[in-house]
Amino acid sequence: MKSREYQQIDPQALPTPTQTPLPHHHQADGVDRRKEPRTPRRKWEVFPGRNRFFCDGRIMMARQSGVFPLTLGLIFLTSGLFFIFDCPFLVKHLTRCIPAIGGVLFVFVLITLLQTSFTDPGILPRATPEEAADIERQIAL
């Protein structure tokens, strides 16, 4: 295998904020020229990917963010048609349980869709070069 396929990012090479207090330097003109302490950067800012982040990184969506509103629209359209046209007939001629179960399922579908759309799926860490070489040796046997 080529060694460039298993490159690792050195965590020490990344810029990190310093937590040591800065000394007070006053110039002759009376202006304080200390640098402002840097705020810590989030992982999604340091390692940019293909996802879009909203609300300061609290909401993450894929590049194809148009699929989410389309899915929501289809769910609301079909559920709305069911509740407007079918539920009155079902309540009048059968039982109220079927529309109630439909409402519970509608809420469950919306909650799971929002959870899967707005949570970080995580990553699978890459193998270290030693692990990759070991795997290649095992495959070659």
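Residues numbered from 1 in each chain as written. Predicted model: local features only at pLDDT ≥ 70, side-chain atom pairs only at ≥ 80, totals over all residues. Heavy atoms only, no water.

Here we look at the packing of helix 2 (residues 67-93) against helix 3 (residues 97-118)
Viewed as axis vectors pointing N to C, helix 2 and helix 3 meet at an angle of 175°, and their least axial separation amounts to 10 Å. Considering their axes alone, helix 2 and helix 3 lie roughly antiparallel with respect to each other. Residues Phe68, Thr71, Leu72, Ile75, Phe76, Ser79, Phe82, Phe83, Cys87, Leu90 and Val91 of helix 2 form the contact with helix 3, whose own contacting residues are Ile98, Pro99, Gly102, Gly103, Phe106, Val109, Leu110, Leu113, Leu114, Ser117 and Phe118. Classifying every residue of the contact of helix 2 with helix 3 gives 17 nonpolar, five polar and no charged. (Axes fitted to C-alpha atoms, helices over the stretch in contact; angles between N-to-C directions. Helix = DSSP H or I, 4+ residues; strand = E, 2+ residues; numbered from the N terminus. Parallel < 35°, antiparallel > 145°, perpendicular 65-115°, else oblique. Contact = heavy atoms within 4.5 Å. Nonpolar A, V, L, I, M, F, W, Y, C, P; charged D, E, K, R; others polar.)

Overview of the packing of aromatic side chains
For the structure shown, the criterion picks out three aromatic pairs. On the basis of an interplanar angle of 70° and a centroid distance of 5.6 Å, the ring pair of Phe76 and Phe106 is categorised as edge-to-face. You can see Phe76 sitting in helix 2 and its partner Phe106 sitting in helix 3, a full 30 residues away along the chain. For Phe106, a relative accessible area of 18% translates into the label buried. Measuring from ring centre to ring centre gives 6.1 Å for Phe83 and Phe106, while their planes differ by 80°; the resulting arrangement is edge-to-face. With Phe83 in helix 2 and Phe106 in helix 3, the pair connects residues that are 23 residues apart, well separated along the chain. A relative accessible area of 30% places Phe83 in the partly exposed class. Chaining the aromatic ring pairs together yields one cluster made of Phe76, Phe82, Phe83 and Phe106. (Phe/Tyr/Trp six-rings, centres within 6.5 Å; stacked < 30°, edge-to-face > 60°. Buried < 20%, exposed > 50% of the residue type's maximum accessible area, 1.4 Å probe, protein only.)

Observations regarding the pattern of salt bridges
Inspection of every chain in the model, using the stated rule, returns one salt bridge. A salt bridge links Asp134 to Arg137; the nearest nitrogen and oxygen atoms lie 3.7 Å apart. With Asp134 and Arg137 both in helix 4 (residues 129-140) and three residues apart, the pair spans about one turn of that helix. Assessed through its relative accessible area of 33%, Asp134 is described here as partly exposed. (Salt bridge = Lys/Arg side-chain N within 4 Å of Asp/Glu carboxyl O.)

So, the UniProt feature "transmembrane region" (unreviewed entry) in the protein chain
The sites that UniProt annotates as "transmembrane region" (unreviewed entry) are residues 66-85 and 97-118. Counted over residues 66-85, helix gives 95% and strand 0%. Its end C-alpha atoms are 29 Å apart. Along residues 97-118, the helical share is 100% and the strand share 0%, with 32 Å between the first and last C-alpha atoms. (UniProt positions renumbered as here; feature names shortened; annotations may be inferred.)

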